[in-house]
Every structure is written in C-alpha cells, then in structure tokens.
Amino acid sequence: MHLCLRLLFILPLLLYPVALTAQADVPAFCAPLNSPPEPVANPTGAQTLNDSGLQLAAQGDYDTAVILFSQAINNDDTLSPAYLNRACAYLMLGENDSAYDDLETYLALTDDLVLYDVIRSYLVDEGVRVENPTCLLGDGFETQAAAREFISTTQAASPDELNELGLAQNCIGDYEPALRSFTRALEADKTASAYYVNRAAAFSAINRYEDALIDLTSAIDSDPENAAVYFERANVYYQLNDLDATIADYTRAIQLDSTFASAYNSRGFLYSEDPVTYDIALEDYNAAIALEPENALYYNNRGQLYLDLTEYEAALADFNAAVEIATDSPIYWNNVGYTYNQLGDYDAAVANLTQALVLDPAYAVALNNRGSAHWRNDAPEACIEDYTTMLIVEPESAVGYNNRGLCYADVEEYERAIDDFSQAIALSPNDGIMYGNRGDALYIMGRYEQALSDFDIAIDRLPNDAFQWTGRGLVYRELGELELALSDFSQAMTVNPNYNAAYYWRGYTHADLGNDQQAITDLETYLERVPDSRLTGEINDLIDELEQGGDI
C-alpha cells in the first residue's frame, strides 16, 4: 500500500503522430499559412500562440495549428489574424462551415478594408450568406457596415452629429478618432450626459479607466437619476479595484431601477467573492434570474456560488439550465462536467466535457477536467492523452505536467511520472503538492534519500497536509528510522484526524517497535473507519498475532 498521489485542478513531451492532410485549393488570402511567421518584437502570449500555429501549418500539421489558433483566440478574442489563420487551416482540412464562421468574425474585427472586400467577395462567391457584423462597442448602429457608411458620407458639424460620428467610430473599434469626436461634441455642449457616457466607453475600450471615471461622474452630475450610468461607473470602479465604490454604484442603480437584472447579477458576483456575504450574493442572483429567466450567465454565476457552498446538486441544476439556454457555450458544458466530477459521476463528467471540447478543442480547462475524470475513472491512458493535448495548448502549465505525471504513475511508468513532476516543479517551484507527488513516485522507485528531500520541502510548504507527513513517514520506515516514522504518522493525525492511512501505518510501525497494544488500537481504528478495506484480512491476522503475543 502506498499513498494516492495528489491531483491538481484549474490542470520529454509526448506528441502523438499526426497524419498530414493533402493540400486543398485555398484562396490567395491564405498565403501566410504556407510560410513561417515573421518575428515580432515583444509578442503577447496570444501572438506567440498564433505564430506557433503558423509554424505548424507551414509544416502541414493543420489539426494542431487549429488548436493553437483557438488558444490564441481564447487568450485574446480581438486578435483578428488568429481568426483568419484558423479559417484557412479549416479550409485546408475541408471544414468549410467552421472556416466561414471564422472569416465572418475576422470581417468584424479587421481594419484592412482591402482584405475586407476580398474576403466578403470570396464568401459571396462560395454561396455563403455574409452577415453584417454587429458593432464592437455600443448599439448606436445595427451593423458595422451601417457605421462605415455613416462615417464615409457624413460631414459632422453639430454636437449631435459629432456624437453620432463618435458612436459609429466606436462601433468599428476606431477608438482614438471616436474620442476626438466626443470631445468636440462636449466642447459645444458640456451638459449632455450621453456624450460623457459615450466618451467613457471609448476610454474604457483602451483601458483608460481613470479618464472613463471622470466622464461618468460628470454624466451623473448632469443626470443623477440615470441607473444605467451608475451601472457603467460601477464597472469602471471594478476595473480600478475599488470594490466598495463598485458595490455602492450597483446598489444605487438598483435603487433607481428595481428591474435592473444586470446590476443584481454584477453585485451578486462581488458578494460571492467573500463567504461572509454568500447569502446576499444568492439573493442577488435569485433576483436577476427572476427578472431575466432566459439569461444563461445568471444561472452560471449562481451555479458557481452553489459550488462554493458545496451544494453540488443545486449547482448542477443551474449549469444545466445555462446549457439549455446557450448550447454553444463550452464554458457551461465544462461547468456541468466539472460538477459531475465533484459528484463522482465520472462517465457523465467525461460526456459533458467532451461536448465542451467539441465546441472548443483547445479549451485547456476542459482538457484538464476531462483528464481528471479519466484519472478518477481508472482510465489512465485517456488521461495521458488529454494532458498531452493540454500541454500542446499550454506548454507552460505546471498543473498539466503534474496531472499527467499522476496518469503515468497509474500505469507504473514512474520515470515518466518523475520527469513530469520535475517539469511541474521547475514551472511552479513553490507548490508543495508537486514535491509530494514526486516524493511518492521516488519512494515507489526505492530512491528513498531523494524522496526524503522532496517530502521535507513539501512539509515546509504544506505543514498542515497529512499526506505529506504520512509520505515522509513511509520513507523513514524504509530507511529504518521507525521512531521518526512514528512521529510523522502522529503529526499527520494531528493536522487531520480523519486521515485514515496514518492510522494504518502508525499501527504497523508500533508493531515493528514492539508496541503491541498501541498497534492494535491504531489498526482497529483503521478498520472501524475503513470497514471495506481490501487489507481487512491481513490486518485482522496481524491483530490476532499481536493479541497472542507472537512475533511479527
């Protein structure tokens, strides 16, 4: 009997061979897919993932390229080249519908008007009904096309026309010109609350929250009974990490408009961050759902609160409600799967997490959670596959390496497990669990001095973790240090009186030391707590020998 290694949740590299796909006919705008990317100074994480996708696409590995482009989009959903590149990779794979969806998203984001027209023409030629993309910010125009037409045909002069021009520029994501338009409108009329609100939206879009706050405060001065402006200022206060002011403004918005569902939801989210105010959070989520019973987000947020309250059945009901409303959201499917994991229904967990990954194959959280479900469901090979994919998507994930190490340990590939735990430690050197997991694998391999060193570090990081004390106690037993082992098992019970493995091992250690009565007491306690243990027969035999005073 050895310890059960510890799984972490969120989540030499093994790559499964990928069959190269015969090249399809693709349009000229996909030319970047056929050559490695040009280097970029100081790239963001999303740009790095996008560039990695291009490198694989240039080698013909379009499946993995799609995963990396998807992860780039997850990191930055405004990175337009990633949508174009993923669309082109989909075209190479013959997945045209997915490609068309990405191309339409690209059209909504791009500032390249020439390429915009080329792609729209391509989609029309392919028989695809091209939707006019909606505004990136604001609702002053129905579509970006309408906003672009307004910009190109209007000679704004009056304050209202300048405000309208700013709204059109906000719509297409042209925020600096929008700021200039709103400023010109305010120069002509400093009392117009709407102008301040619209300029604040542009400031927020480029993360100038202090400026946005000034404008929203001016808007409130001009229109102190407008609940929507208090709501917007609350959102800005949240970005500035002034949580008291955030709650105060959400509360004022609710006072002014008792039907403001978003304000209830947002205030509930803040209250859900502190266990002391969980009850208030629940009341707010209930109010939001009562006002808008078809809003999936509200069910999801209440479900998260139920998870924090360990009310898993209630959480599951809310996540399922979210899925019924928004069936195309991988987040909600993931949350259903995660909750089934918590309930111990691992088959249902795998099924729901698989649906999340159908919707987003590069969703690292879902890969982590499905890998966990496979591990708990005694399917280590599937577990290894999920964490290997996760590590392609997030190659710097300490959780991914740690958890794959657990899967390797389950198939007794301990050297690979140790390699993965070592990589996890290199990425997250302050995490005691990873040292404990490596220590346990080293113990199984008989490398006791190295295991002892790892458990020493784990205990230093996690002094209240019974697993670590018991692990070091096992190492001390193998090194013949029985008194030290006894001390560690006792400490494990002190920090967690319900950690049953410590009773088992302390009982055996007492027996080895000739402390027969103490051994019998510990072993009987273990059997009382674990009546269905597969070790029951062995333990009862030992107890009989000890009661008869026989040699062990």
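Above this note sits the structure.
Presented here is a report on the structure given in the accompanying data block. Every value quoted in this text rests on a predicted model; they were computed, and no experiment measured them. (Residues numbered from 1 in each chain as written. Predicted model: local features only at pLDDT ≥ 70, side-chain atom pairs only at ≥ 80, totals over all residues. Heavy atoms only, no water.)

### Describing the overall build of the chain
When helices and strands are tallied, the chain shows 29 helices and zero strands. Overall, the C-alpha framework of the chain stretches about 105 × 60 × 40 Å when taken along its three principal axes. Within the chain, the fraction of its 552 residues that count as buried is 51%. Summing over all exposed atoms, the chain offers an accessible surface of approximately 25,400 Å²; the carbon and sulfur share of this is 47%. Taking the 26 positively charged and 90 negatively charged side chains of the chain as two groups, their mean positions are separated by 5 Å. (Helix = DSSP H or I, 4+ residues; strand = E, 2+ residues; numbered from the N terminus. Buried < 20%, exposed > 50% of the residue type's maximum accessible area, 1.4 Å probe, protein only. Areas by Shrake-Rupley, 256 points an atom, 1.4 Å probe, with all protein chains shown as cover. Lys, Arg positive; Asp, Glu negative; His and termini not counted. Charge placed at Lys NZ, Arg CZ, Asp CG, Glu CD.)

### Points about the packing of aromatic side chains
The geometry of an aromatic ring pair comes down to the distance between the two centres and the angle between the two planes. Going through the model one piece at a time under the given rule, you end up with eight aromatic pairs. Here the aromatic rings of Phe231 and Tyr250 are separated by 5.5 Å at their centres, their planes lie at 50 degrees, and the arrangement is tilted. One end of the pair, Phe231, is in helix H11 (residues 227-239); the other, Tyr250, is in helix H12 (residues 243-256), and 19 residues separate them in sequence. Classification of Phe231 by relative accessible area gives buried; the value is 12%. Take Tyr250: its relative accessible area is 4%, and that puts it in the buried class. Note on Tyr504 and Tyr508: the rings are 5.0 Å apart at their centroids and 40 degrees apart in plane angle, and the pair reads as tilted. In this pair, Tyr504 and Tyr508 both sit in helix H27 (residues 500-513), four residues apart, roughly one turn of the helix. In this structure, Tyr504 and Tyr508 share a single accessibility class: buried. (Phe/Tyr/Trp six-rings, centres within 6.5 Å; stacked < 30°, edge-to-face > 60°.)

### A closer look at the packing of helix H19 (residues 364-376) against helix H20 (residues 380-393)
Contact pair H19 / H20: the axes reach a minimum separation of 8 Å and the direction vectors enclose 165 degrees. Relative to H20, the element H19 is oriented roughly antiparallel. Crossing of H19 over H20 shows left-handed handedness. Counting all contacts with H19, which are made through Ala364, Leu367, Asn368, Arg370, Gly371, Ser372, His374 and Trp375, the residues of H20 involved are Pro380, Ala382, Cys383, Asp386, Tyr387, Thr389, Met390 and Val393. For the contact of H19 with H20, a count of residues per class yields nine nonpolar, five polar and two charged. (Axes fitted to C-alpha atoms, helices over the stretch in contact; angles between N-to-C directions. Parallel < 35°, antiparallel > 145°, perpendicular 65-115°, else oblique. Left-handed = near helix turned anticlockwise from the far one by under 90°. Contact = heavy atoms within 4.5 Å. Nonpolar A, V, L, I, M, F, W, Y, C, P; charged D, E, K, R; others polar.)

### Topic: the layout of surface pockets
Volume-wise, the second largest pocket comes out at about 580 Å³. The wall of the second largest pocket is formed by 19 residues, among which Arg86, Asp328, Pro330, Leu359 and Asp360 lie closest to the centre. Those elements that provide at least two residues to the lining of the second largest pocket are helix H2 (62-75), helix H3 (80-92), helix H4 (96-109), helix H17 (330-343) and helix H18 (346-359). Here the element with the most residues in the lining of the second largest pocket is H4; it accounts for four residues. The residue inventory of the lining of the second largest pocket, partitioned by class, reads nine nonpolar, five polar and five charged. (1 Å grid on protein atoms, 1.4 Å probe; cavity = no way out; pocket = protein on both sides within 12 Å on 5 of 7 lines; lining within 4 Å. Points joined across faces, edges and corners; volume = space filled by probe spheres on them.)

### What about unusual backbone geometry?
One non-glycine residue, Asn241, lies in the positive phi region at around 65 degrees. By the element assignment, Asn241 lies in the loop between H11 and H12. With a relative accessible area of 59%, Asn241 lands in the exposed category. You will see that Thr310, though not glycine, has its phi angle at about 55 degrees, which is positive. Among the secondary structure elements, Thr310 is positioned in the loop between helix H15 (296-308) and helix H16 (312-325).

### Examining the side chain of Asn163
Here Asn163 shows up in helix H7 (residues 159-171). Residues in contact with Asn163, not counting those within four places in the same chain, are Phe182, Ala185, Ala194, Tyr195 and Asn198.

### Things to note about the pattern of salt bridges
Taken as a whole and judged by the stated rule, the model has 17 salt bridges. Residue Asp211 pairs with Arg208 through a salt bridge whose shortest N-O separation is 3.0 Å. Because the salt bridges share partners, they merge into one network encompassing Asp456, Arg472 and Asp488. (Salt bridge = Lys/Arg side-chain N within 4 Å of Asp/Glu carboxyl O.)

### Here we look at the environment of Gln169
Relative to the helices and strands, Gln169 is located in helix H7. A residue is classified by how much of its surface remains accessible, and Gln169, at 9% relative accessible area, is buried. Along the primary structure Gln169 and Glu524 are separated by 355 residues, whereas in three dimensions their C-alpha atoms are 76 Å apart. At 2.8 Å, the side chain of Gln169 forms a polar contact with the side chain of Ser181. (Polar contact = N/O pair within 3.5 Å; in protein donor to acceptor, adjacent residues only side chain to side chain.)

### Examining helix H14 (residues 278-291)
Between its terminal C-alpha atoms H14 stretches 20 Å, which fits the 20 Å expected from 14 residues at 1.5 Å a residue. Listed in full, the buried residues belonging to H14 are Tyr278, Ala281, Asp284, Tyr285, Ala288 and Ile289. The buried residues of H14 occupy one face: seen down the axis, they fall within an arc of 135 degrees. Turned more than 90 degrees away from the buried face of H14 sit Glu283 and Ala290, all of them exposed. Looking at the buried residues of H14, the elements they touch are helix H13 (261-271) and H15. (Expected span 1.5 Å × (residues − 1). Arc of directions from axis to C-beta.)

### Observations regarding the state of the cysteines
Using the criterion set out here, one finds three disulfides in the structure. The partner cysteine of Cys30 in its disulfide is Cys88, sulfur to sulfur 2.0 Å. Measuring handedness by torsion sign, the sulfur bridge of Cys30 and Cys88 sits at about -85 degrees and is left-handed. Taken together, the residues span a long stretch of sequence, with Cys30 in the segment before helix H1 (45-58) and Cys88 in helix H3 at a distance of 58 residues. Take Cys30 and Cys88: they sit in the same class, and that class is buried. (Disulfide = S-S within 2.5 Å.)

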